[in-house]
Amino acid sequence: DGGITQSPKYLFRKEGQNVTLSCEQNLNHDAMYWYRQDPGQGLRLIYYSQIVNDFQKGDIAEGYSVSREKKESFPLTVTSAQKNPTAFYLCASTDGGVGYTFGSGTRLTVV
Amino acid sequence: GNSVTQMEGPVTLSEEAFLTINCTYTATGYPSLFWYVQYPGEGLQLLLKATKADDKGSNKGFEATYRKETTSFHLEKGSVQVSDSAVYFCALRNAGGTSYGKLTFGQGTILTVHP
């Protein structure tokens, strides 16, 4: 079955460390998105990509970076510049129509 | 810019009670509207959608009608079950422009249903 796979499910980051969250889809979707979820704040868009080798900043891109070298993959790096990275991160994709598919998320905790 | 406002939560109901979660939006043009549901520790699942004014989305006993005159998309269910306990998100997607494809979410409403 097609879908989105996010890994790892849980991730722990030390202060000053960069970490990368994986997002892979086998739906042949062109567009992919990264959202951050904090309690009581809904989901906020970090980065999105509509085609390979192109991506755009979302509403809260500071302290994050992405790449889109393959259609199937859209990894998110949380850099040391992100001062409050503890959150639940969700990846999503769409074929440009109305439907979106979400991954099951990665919970990142700073230790 | 676009925005979505959901009713304040959390919402606590007894099984078989009637559910309403209010959602209003601000957007240019004619956005598509969605309700997503999130169970603990999981990603979001599409519950229902509507793509034009007066459309009614429905799924698993939940309904919502796209009301352009009141810019609303309220979620309703006639008789909730314990298994409906989850977080519900209202969202919109712009029809075009530089924000094409981006979803804008409300803050989410936590629903707890007791037996």
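For the structure, check the block above.
Quick notes on the rules
- Residues numbered from 1 in each chain as written.
- Chains lettered and ligands numbered in written order.
- Predicted model: local features only at pLDDT ≥ 70, side-chain atom pairs only at ≥ 80, totals over all residues.
- Heavy atoms only, no water.
- Helix = DSSP H or I, 4+ residues; strand = E, 2+ residues; numbered from the N terminus.
- Buried < 20%, exposed > 50% of the residue type's maximum accessible area, 1.4 Å probe, protein only.
- Contact = heavy atoms within 4.5 Å.
- Salt bridge = Lys/Arg side-chain N within 4 Å of Asp/Glu carboxyl O.
- Polar contact = N/O pair within 3.5 Å; in protein donor to acceptor, adjacent residues only side chain to side chain.
- Nonpolar A, V, L, I, M, F, W, Y, C, P; charged D, E, K, R; others polar.

**Digging into unusual backbone geometry**
Residues and elements named next belong to chain A.
- The omega torsion of the bond from Ser7 to Pro8 falls at -5 degrees, within 30 degrees of zero and hence cis.
- Mapped onto the secondary structure, Pro8 falls in the loop between β1 (4-7) and β2 (10-13).
- Located in the positive-phi region is Asn53, a residue other than glycine, with phi close to 65 degrees.
- The topology assignment puts Asn53 in the loop between β5 (43-51) and β6 (54-57).
- Among the residues examined, Asn53 registers a relative accessible area of 62% and is labelled exposed.

**As for the interface of chain B and chain A**
- Each partner contributes residues to the interface: chain B has 19 residues there, and chain A has 21 residues.
- Linking chain B with chain A are 0 salt bridges, by the criterion used here.
- At the boundary of chain B with chain A, the tally comes to 4 residue pairs in polar contact (both at pLDDT 80 or more).
- Residue assignment for the side of chain B that touches chain A shows that the elements contributing at least two residues are β5 (32-38), β6 (44-50), β10 (86-93) and β11 (103-105) of chain B.
- Here the element with the most residues in the side of chain B that touches chain A is β5 of chain B; it accounts for 3 residues.
- Classifying every residue of the side of chain B that touches chain A gives 7 nonpolar, 8 polar and 4 charged.

**As for the pattern of salt bridges**
- Under the counting rule described, the total for this entry stands at 6 salt bridges over all chains.
- Across the pair Asp38 of chain A and Arg44 of chain A runs a salt bridge whose closest N-O atoms are separated by 2.8 Å.
- A residue is classified by how much of its surface remains accessible, and Asp38 of chain A, at 10% relative accessible area, is buried.
- Relative accessible area serves as the criterion here: at 27%, Arg44 of chain A is assigned to the partly exposed category.
- Lys56 of chain B is the salt-bridge partner of Glu63 of chain B, the closest N and O atoms lying 3.7 Å from each other.
- We classify Glu63 of chain B as partly exposed; its relative accessible area is 33%.
- Because the salt bridges share partners, they merge into one network encompassing Arg36, Asp38 and Arg44 of chain A.

Without other data, these values stay purely geometric and don't point to any function.
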